[in-house]
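# Understanding the architecture of this molecule
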Amino acid sequence: MNTRCLLAAIVAVITMPVSARAQSSVQAEPTDDHVWFEPASEQARTLRAIVPADDSRPSNEIEARVLIAHNRERAASNVGPLIWSDNLEAEARDWVEELIATDRFAHDPRPHGHGENLWMGWGGRVFTPEDMVGGWIAERHLYRPGVFPNVSRTGDWVAVGHYTQLIWRGTTHVGCAIATRGDRSILACRYSPPGNVDGQRP
């Protein structure tokens, strides 16, 4: 029973093959789960939203649960709720379906200008939306309030980058999509405006 976690953050242009990521993964506490977090590049900290996100509502129960999981943690951090965006969901869906179809796991290299969190799980169990978002929330134990990028107890913001994007005060909209093939599931979320900006507080 192994869990492999590659801790990381938001928008990135990494195209590292799965075999290379496996070699650089970090061993975590043993569980029945198999989970990947995609690493971020330095570009993640400089992108800005290109097109304002639209105000929408989740179109199904899964989307609603993903949004609730985000907003429950934001409320616990005294941050306002995120609004669902169909435009961001469509972006996330296009990318996650490409990833699942091509058996890859990497951030979208296109200049979309939004924040992005990626999660992947596989193995002999079904992951709930709460499990998926919970993987990002679990980074909270390493989070240290401060000015970005000095927000991690490890000294490396990458260790909490999913979490800081999720609770980023300046982010107002989110759209997410899940794709599954075989025993592999991927969740992609897009955020607008993006978080993890140098010199700002989450």
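Residues numbered from 1 in each chain as written. Predicted model: local features only at pLDDT ≥ 70, side-chain atom pairs only at ≥ 80, totals over all residues. Heavy atoms only, no water.

## Brief notes about helix 3 (residues 86–102)
For helix 3, which comprises 17 residues, the first-to-last C-alpha distance of 24 Å matches the rise-based estimate of 24 Å (1.5 Å per residue) to within 8%. Regarding helix 3, the residues found buried are Leu88, Glu89, Ala92, Trp95, Val96, Leu99 and Ile100. Down the axis of helix 3, the buried set is contained in an arc of 140 degrees. They therefore lie on one face. Helix 3 presents Asp94 and Ala101 as exposed residues on the side facing more than 90 degrees away from its buried surface. Buried residues along helix 3 sit in contact with helix 2 (61–76), strand 4 (83–84), strand 5 (115–122), strand 6 (173–181) and strand 7 (184–192). One side-chain oxygen of the residue at the start of helix 3 lies 3.3 Å from the amide nitrogen of Asn87, identifying that residue as Ser85. Among the residues trailing helix 3, Asp103 stands out with phi positive, at a value near 55 degrees. (Helix = DSSP H or I, 4+ residues; strand = E, 2+ residues; numbered from the N terminus. Expected span 1.5 Å × (residues − 1). Buried < 20%, exposed > 50% of the residue type's maximum accessible area, 1.4 Å probe, protein only. Arc of directions from axis to C-beta. Contact = heavy atoms within 4.5 Å. Polar contact = N/O pair within 3.5 Å; in protein donor to acceptor, adjacent residues only side chain to side chain.)

## Here we look at the state of the cysteines
The final tally for this structure, using the stated rule, is one disulfide. Here Cys176 connects covalently by a disulfide to Cys189, the sulfurs 2.1 Å from one another. Its torsion about the S-S bond being 110 degrees, the disulfide of Cys176 and Cys189 is classed as right-handed. Residue Cys176 is located in strand 6, and its partner Cys189 is located in strand 7; the two are separated by 13 residues in the primary sequence. The exposure class assigned to Cys189 is buried, which follows from its relative accessible area of 0%. (Disulfide = S-S within 2.5 Å.)

## Comments concerning the side chain of Glu63
In this fold, Glu63 is placed in helix 2. For Glu63, a relative accessible area of 5% corresponds to the buried category. Polar contacts involving the side chain of Glu63 include one to the main-chain amide nitrogen of Ser59, which spans 2.7 Å.

## Examining the pairing of strand 7
The element strand 7 is largely enclosed, with a buried count of nine among its nine residues. Burial along strand 7 is two-sided: Arg184, Ile186, Ala188, Arg190 and Ser192 and Ser185, Leu187, Cys189 and Tyr191, pointing in opposite directions, are all buried. Relative to strand 7, strand 5 is paired through eight bridges, and the arrangement is antiparallel. Each residue of the ladder has a partner; that of Trp122, found in strand 7, is Arg184. (Pairing = 2+ DSSP bridges.)

## As for the packing of aromatic side chains
Under the counting rule described, the total for this entry stands at four aromatic pairs. A centroid spacing of 5.0 Å and a plane angle of 75 degrees characterise the contact between Trp119 and Phe127, whose relative ring orientation is edge-to-face. With respect to class, Trp119 is no different from Phe127; both count as buried. Among the aromatic residues, those joined into a cluster by ring pairs are Phe148, Trp157 and Trp168. (Phe/Tyr/Trp six-rings, centres within 6.5 Å; stacked < 30°, edge-to-face > 60°.)

## Looking at helix 2
For helix 2, built from 16 residues, the straight-helix expectation of 22 Å at 1.5 Å per residue is met to within 8% by its first-to-last C-alpha distance of 22 Å. The set of residues buried in helix 2 consists of Glu63, Val66, Leu67, Ala69, His70, Asn71, Glu73 and Arg74. If you follow the buried residues of helix 2, they end up packed against strand 4, helix 3, helix 4 (129–137), helix 5 (161–167), strand 6 and strand 7. By the N-cap criterion, in which a side-chain oxygen at the helix start approaches the backbone nitrogen of a residue two or three places on, helix 2 is capped by Asn60, the distance to Ile62 being 3.1 Å. Following helix 2 by one or two positions, Asn78 adopts a phi angle in the positive range, close to 60 degrees.

## Concerning the environment of Val174
Residue placement: Val174 occurs in strand 6. Relative accessible area serves as the criterion here: at 0%, Val174 is assigned to the buried category. C-alpha separation for the pair Val174 and His114, spaced 60 residues apart in sequence, amounts to 9.5 Å. The residues touching Val174, leaving out its near neighbours within four places in the chain, are Leu67, His70, Leu82, Ile83, Trp84, Ser85, Leu88, Cys189, Arg190 and Tyr191.

## Structural notes on the nonpolar core
Counting 29 residues, the largest nonpolar core has Val133, Trp136, Val174, Cys176, Leu187 and Cys189 as the members making the most contacts within it. Elements with a contribution of two residues or more to this core: helix 2, helix 4, helix 5, strand 6 and strand 7. In terms of residue count, the dominant contributor to this core is helix 4 (four residues). If near-sequence neighbours (up to four positions away) are discounted, Cys189 is found in contact with Val66, His70, Gly115, Glu116, Asn117, Trp136, Val174, Gly175 and Cys176. (Core = buried A, V, L, I, M, F, W, Y, C linked by side-chain atoms within 4.5 Å.)

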